[in-house]
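Read off the chains here:
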Amino acid sequence: MSKPHDSAPDAQVPSLRSLQDQFASNTRYPASADEKLAFYRQMLLIRRFEEKAGQLYGLGLIGGFCHLYIGQEAVAIGLQSALNPEVDSVITGYRDHGHMLAYGIDPKIIMAELTGRHSGISRGKGGSMHMFSTAHKFYGGHGIVGAQVALGGGLALAHQYNEDGGLCLAYFGDGAANQGQVYETFNMAALWKLPIVFVVENNRYAMGTAVERSSAETEFHRRGAAFRIPGMHVDGMDVLQVRQAAEVAFAYVRDGNGPVLMECSTYRYRGHSMSDPAKYRTREEVQEFKEQRDPIEAIKRLLVEDGTAEDDLRAIDKEIRAIVAAAADFAETSPEPEPEELYTDVLVDSYSGSAPAIPAAEHAR
Amino acid sequence: MTAPAKGADASAERRLNMIEAINEALDIMLARDPDVMIFGEDVGYFGGVFRATAGLQAKYGKTRVFDTPISECGIIAAAIGMGAYGLRPVAEIQFADYIYPGLDQIVSEAARIRYRSAGEYTAPLTVRSPFGGGIFGGQTHSQSPEAMFTHVAGLKTVIPSTPHDAKGLLIAAIEDNDPVIFFEPKRIYNGPFSGFYDRPVEPWKRHPDSVVPEGHYRIPLGEARRVSEGEAMTVLAYGTMVHVVDAVAREKGIDIDLLDLRTLVPLDIEAIARSVERTGRCMVVHEATRTSGFGAELAALVQERMFYHLEAPVMRVTGFDTPYPHSLEWAYFPGPVRIGEAMDRLLQD
Ligand SMILES: Cc1ncc(C[n+]2csc(CCOP(=O)(O)OP(=O)(O)O)c2C)c(N)n1
Ligand SMILES: [Mg+2]
């Protein structure tokens with residue numbers, strides 16, 4: 001892989017459609033029976049985990065902001081199953097539970113972060129939107145819309161600088177795609193041929209704003225064209241398609257060709273966050289996705305067609321419910337962080353500014 | 001300094017919460033001035049995530065009230081450009097925590113265009129933004145960044161604490177010919193918050209300052225409001241903390257002279273001086289982090305101007321110098337325990 005200063009300005013530019021053409025010639029990943037089963041299991045884990053998170057929110061055990069990934073499971077699973085976890089990095093926005101679960105991060109410590117407990121992955125100080133795992137090269141979990149895309153550019157530059165062969169997978173939403181910093185990063189990534197795959201999870205809405213009402217170019221995969229970044233357009237409700245697209249994109253990026261912009265068309269079944277009744281869209285639209293395009297039902301059908309016994313699927317179901325129940329238990333019973341935790345990890349050395357020591361906590365009143 | 005709104009005439013016994021008061025101010029300004037328009041994320045079709053702009057697009061159309069992409073830099077810059085061209089834009093930044101992508105435009109352009117063009121061009125925009133914590137928002141939905149703006153010459157910073165003031169101050173902000181950052185304490189949108197978070201939520205309708213006169217009225221920028229009159233000490237606060245301080249003082253039976261600053265820039269230093277010269281003790285309370293917070297400026301001003309009247313050092317009660325946590329919100333929040341202890345200490349000094 002070349003360093004920025006090596007890349008000749010007249011380096012050959014690939015056709016912007018070459019990847020899409022390659023992908024279009026064969027859009028389905030030829031998954032083995034085991035792989036299909038694994039996809040099913042992982043997507044189901046996300047679904048059930050998120051349903052449980054929704055319940056805990058309803059019970060008041062999770063506070064503040066909580067964005068569920070239900071409906072979008074195939075995107076994270078299709079892409080992340082194709083990564084090399086040893087070297088690749090992932091970064092995303094605030095709708096991050098699914099991406100963490102896709103990486104096999106322990107559901108217990110994710111759920112405990114949602115409930116703000118000391119055993120949570122960010123010790124309760126990050127919450128739903130701000131979770132990280134160095135062990136999995138998962139760089140968060142970012143509440144500021146669009147910021148993660150630019151940070152992903154930095155991760156990719158680090159991969160390139162270290163010549164570690166890794167790539168960065170940077171997810172963002174259709175709404176985030178309108179932040180200016182995204183395009184600063186597109187330019188740098190293309191200019192320096194950074195190993196990064198930009199993934200737009202186009203779920204049609206940014207909060208209450210439908211794509212058509214906020215975006216001049218609604219085909220997000222074309223938005224790299226001005227920077228000569230090849231685009232791909234993928235059905236994000238089909239895990240085998242997503243996985244196949246990942247194969248194509250990752251191979252291209254690993255060859256040192258620079259960034260790819262992949263748009264995954266998907267849908268979130270729930271409101272934007274827990275407080276959103278989602279009145280800006282029709283019931284029919286939601287029903288259509290749930291009933292006709294559900295990614296989990298689709299892979300389940302394939303498994304059944306392949307002869308997987310219903311009993312085996314039910315056993316997986318049961319196993320996952322148990323995992324999620326255990327995560328919820330853990331998240332409910334773990335203690336909250338001590339007030340002293342307020343001051344840890346502000347800077348390397350513990351620092352309390354000019355402020356007095358933390359007095360008796362308000363809640364000790 | 002104006003008198004408390006408590007005397008608002010009984011014939012106008014219309015009670016609004018802060019959201020309704022803000023909505024009404026916007027409505028009035030849209031009706032009065034064709035140069036006023038409102039834009040921001042989800043403000044049009046959706047009516048704003050806190051409903052502050054509900055119904056306005058339906059009433060005034062999409063040219064006057066419109067949704068923007070998620071592009072804070074672009075939103076603020078567009079408002080500055082429109083303002084320079086003679087319009088009077090009101091931009092909403094959905095949460096104060098998202099204002100930073102637009103900070104360069106505010107600091108380098110909005111705040112300085114008047115100065116560097118020797119008054120040829122101005123930027124009479126208003127940036128409305130909900131700020132502050134107490135809603136379990138964690139670090140990206142709870143911040144109080146007001147001091148970043150008061151530190152920039154060429155900006156005005158306004159923070160209402162009641163529905164009555166929110167309406168009058170917002171109208172004044174929109175009519176003002178300078179750029180105004182208008183921070184709305186979101187914790188008290190629906191009711192005054194005493195800081196005793198485990199008590200039932202109070203609605204605005206039982207609070208005297210929820211009486212909001214109909215029609216156009218303006219509260220001049222730069223006039224503090226005296227919330228309570230007392231001899232024991234002066235307390236300077238704004239936004240949510242006005243109510244917390246008030247509740248603590250009542251609970252403890254301390255007769256404080258409580259000033260709600262309402263605008264940080266311009267600051268009603270005369271009202272502060274009159275009060276501190278009388279009480280000889282001064283406490284500043286804000287939710288924002290302590291170091292270089294607006295309390296530091298207030299403490300400096302008070303000792304510069306009123307040193308010989310002071311019987312004790314100026315005391316600050318503030319948020320800790322940490323990011324806003326997800327958990328431990330009530331340990332972070334400068335609530336009744338911290339304020340109460342500080343009052344006791346200040347009286348002993
Ligand atoms: C800089 C910034 N502006 C605004 C917000 C508020 N906000 C949070 S999520 C969101 C919508 C984002 O939509 P999209 O990128 O499509 O992602 P999705 O929620 O659909 O996954 C908005 C406006 C924010 N968090 N950060
Ligand atoms: Mg979206």
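Fair warning: this is a prediction, and the values are worked out from it, not measured in the lab.

Here's the deal with the interface of chain A and chain B
Line of reasoning, step 1. Counting residues at the interface gives 45 residues for chain A and 34 residues for chain B.
Line of reasoning, step 2. Class assignment of the residues belonging to the side of chain A that touches chain B gives a composition of 18 nonpolar, 21 polar and six charged.

Some details on the domain arrangement of chain B
Residues and elements named next belong to chain B.
Line of reasoning, step 1. For chain B, the assigned domains read domain 1 (11-188) and domain 2 (222-348).
Line of reasoning, step 2. Listed by partner, the interface residues are 24 residues for domain 1 and 24 residues for domain 2.
Line of reasoning, step 3. For the side of domain 1 that touches domain 2, the class distribution of residues is nine nonpolar, eleven polar and four charged.

A word on the site of ligand 1
Line of reasoning, step 1. The environment of ligand 1 is made up of 19 residues, and the closest members are V145, G173, G175, A176 and A206 of chain A.
Line of reasoning, step 2. The environment of ligand 1 is shared, with nearby residues belonging to chains A and B.
Line of reasoning, step 3. The residue inventory of the shell around ligand 1, partitioned by class, reads nine nonpolar, six polar and four charged.

Side note on the sheet that holds strand 11 (residues 282-289) of chain B
All names here are of chain B.
Line of reasoning, step 1. Across the sheet, five strands lie side by side as 7-9-8-11-12; this open sheet has mixed pairing. The sheet terminates laterally at strand 7 (225-228) and strand 12 (315-319), the two strands that pair on one side only. Taking the axes of each pair of neighbouring strands and ignoring which way they run, one obtains an average angle of 25° across the sheet.
Line of reasoning, step 2. Contacts between helix 10 (residues 294-306) and the sheet are confined to strand 8 (233-237), strand 11 and strand 12, with strand 11 contributing the most and set at about 160° to the helix.

Looking at unusual backbone geometry
Line of reasoning, step 1. Across the junction of V265 of chain B and P266 of chain B, the peptide omega takes the value 0°, indicating a cis bond.
Line of reasoning, step 2. Inspection of the secondary structure assignment puts P266 of chain B in the loop between strand 10 (263-265) and helix 9 (269-279).
Line of reasoning, step 3. At D345 of chain A, a residue that is not glycine, the phi angle is positive and equals roughly 65°.
Line of reasoning, step 4. Position of D345 of chain A relative to the elements: it lies in the segment after helix 12 (310-333).
Line of reasoning, step 5. A positive phi angle, near 75°, is found at R51 of chain B, a position not held by glycine.
Line of reasoning, step 6. Topologically, R51 of chain B is positioned in the loop between strand 1 (36-40) and helix 2 (56-60).
Line of reasoning, step 7. For R51 of chain B, a count of 14 C-beta atoms within 10 Å puts it in the partly exposed group.

Overview of the pairing of strand 3 (residues 196-202) of chain A
Residue and element names in this part refer to chain A.
Line of reasoning, step 1. Of all seven residues in strand 3, seven are buried; the element is thus mostly enclosed.
Line of reasoning, step 2. What you see with strand 3 is no split at all: I196, F198, V200 and N202 on one side and V197, V199 and E201 on the other are buried throughout.
Line of reasoning, step 3. As judged from the six bridges shared by strand 2 (residues 168-173) and strand 3, these two strands associate in the parallel manner. Counterpart to G173 in the pairing with strand 3 is E201.
Line of reasoning, step 4. In terms of handedness, the path from strand 2 via helix 7 (residues 180-191) over to strand 3 forms a crossover that is right-handed.

Some thoughts on the confidence of the model for chain A
Line of reasoning, step 1. Looking at chain A as a whole, its pLDDT mean stands at 92, while 92% of the residues score no less than 70.
Line of reasoning, step 2. In the predicted structure, residues 4-12 of chain A sits below a pLDDT of 50 and forms four contacts with residues beyond four places in sequence or in another chain.

A short note on the sheet that holds strand 6 (residues 231-235) of chain A
Residues and elements named next belong to chain A.
Line of reasoning, step 1. Read across the open sheet, the five strands follow the order 1-2-3-7-6; overall the sheet is parallel. Edge strands, defined here as strands with exactly one partner in the open sheet, are strand 1 (89-91) and strand 6. Between one strand and the next, the sheet's axes are offset by a mean angle of 20°, whatever the strand orientation.
Line of reasoning, step 2. In terms of strand pairing, strand 1 meets strand 2 through three bridges, oriented parallel.

Examining the environment of M29 of chain B
All names here are of chain B.
Line of reasoning, step 1. With respect to the helices and strands, M29 occurs in helix 1 (residues 18-32).
Line of reasoning, step 2. Judged by local crowding, M29 falls into the buried class, with 22 C-beta atoms found within 10 Å.
Line of reasoning, step 3. What M29 contacts, discounting residues up to four positions off in sequence, is V36, I171 and I174.

Let's talk about the packing of helix 3 (residues 73-80) of chain A against helix 9 (residues 239-254) of chain A
Residues and elements named next belong to chain A.
Line of reasoning, step 1. Here helix 3 crosses helix 9 at 40°, and the two axes come no closer than 8 Å. In this structure, helix 3 crosses over helix 9, and the sense of that crossing is right-handed. Listed contacts from helix 9 to A74, V75, I77, G78 and L79 of helix 3 are V239, V242, R243 and A246.
Line of reasoning, step 2. Taken together, the residues of the contact of helix 3 with helix 9 break down into seven nonpolar, one polar and one charged.

Examining the nonpolar core
Note on soluble globular proteins: their nonpolar side chains tend to be buried together.
Line of reasoning, step 1. Core analysis: the biggest nonpolar cluster contains 202 residues, and V197, A249 and M262 of chain A together with V245 of chain B have the highest contact counts within it.
Line of reasoning, step 2. It is helix 9 of chain A that provides the largest number of residues to this core, a total of ten residues.
Line of reasoning, step 3. Three or more residues apiece are contributed to this core by two domains, here domain 1 (11-188) and domain 2 (222-348) of chain B.
Line of reasoning, step 4. Counting residues in hydrophobic clusters, the runner-up holds eight residues, among them L328, A331, Y332 and F333 of chain B.

Here's the deal with the confidence of the model for chain B
Line of reasoning, step 1. Chain-level pLDDT for chain B is 95 on average; 97% of the residues reach the 70-or-more range.
Line of reasoning, step 2. If you check the scores for this complex, the pTM reads 0.94 and the ipTM reads 0.92.

Notes on the packing of helix 1 of chain B against helix 7 (residues 163-175) of chain B
Residues and elements named next belong to chain B.
Line of reasoning, step 1. In the contact formed by helix 1 and helix 7, the axes pass within 8 Å of each other and the chain directions differ by 30°. Relative to helix 7, the element helix 1 is oriented roughly parallel. Here helix 1 and helix 7 pass one another in a crossing that is right-handed. The segment helix 1 lies against helix 7, with M18, E20, A21, I22, E24, A25, I28 and M29 engaging P163, A166, K167, L170, I171 and I174.
Line of reasoning, step 2. Its residues placed into classes, the contact of helix 1 with helix 7 shows eleven nonpolar, no polar and three charged.

Quick notes on the environment of L302 of chain A
Line of reasoning, step 1. Following the sequence through the fold, L302 of chain A ends up in helix 11 (residues 295-305).
Line of reasoning, step 2. For the pair L302 of chain A and S15 of chain A, spaced 287 residues apart in sequence, the C-alpha to C-alpha distance is 35 Å.

A word on helix 11 of chain A
Residue and element names in this part refer to chain A.
Line of reasoning, step 1. All buried positions along helix 11 are accounted for by P295, I296, I299, K300 and L303. Relative to the axis of helix 11, the buried residues are bounded by an arc of 130° and lie together on one face. Exposed residues pointing more than 90 degrees away from the buried face of helix 11 are listed as R301, V304 and E305.
Line of reasoning, step 2. Its buried side turned inward, helix 11 meets helix 2 (33-58), helix 3, helix 9 and helix 12.
Line of reasoning, step 3. Phi turns positive, to about 100°, at G307, one or two residues after helix 11.

Conventions and cut-offs
Residues numbered from 1 in each chain as written. Chains lettered and ligands numbered in written order. Predicted model: local features only at pLDDT ≥ 70, side-chain atom pairs only at ≥ 80, totals over all residues. Contact = placed C-beta atoms within 7 Å. Nonpolar A, V, L, I, M, F, W, Y, C, P; charged D, E, K, R; others polar. Domains from an automatic or database assignment. Near = placed C-beta within 6 Å. Pairing = 2+ DSSP bridges. Helix = DSSP H or I, 4+ residues; strand = E, 2+ residues; numbered from the N terminus. Axes fitted to C-alpha atoms, helices over the stretch in contact; angles between N-to-C directions. Buried ≥ 20, exposed ≤ 12 C-beta atoms within 10 Å, placed from the backbone. Right-handed = clockwise from strand over helix to strand, strands pointing away. pLDDT = per-residue confidence, 0-100. Left-handed = near helix turned anticlockwise from the far one by under 90°. Core = buried A, V, L, I, M, F, W, Y, C linked by C-beta atoms within 7 Å. Parallel < 35°, antiparallel > 145°, perpendicular 65-115°, else oblique. Arc of directions from axis to C-beta.

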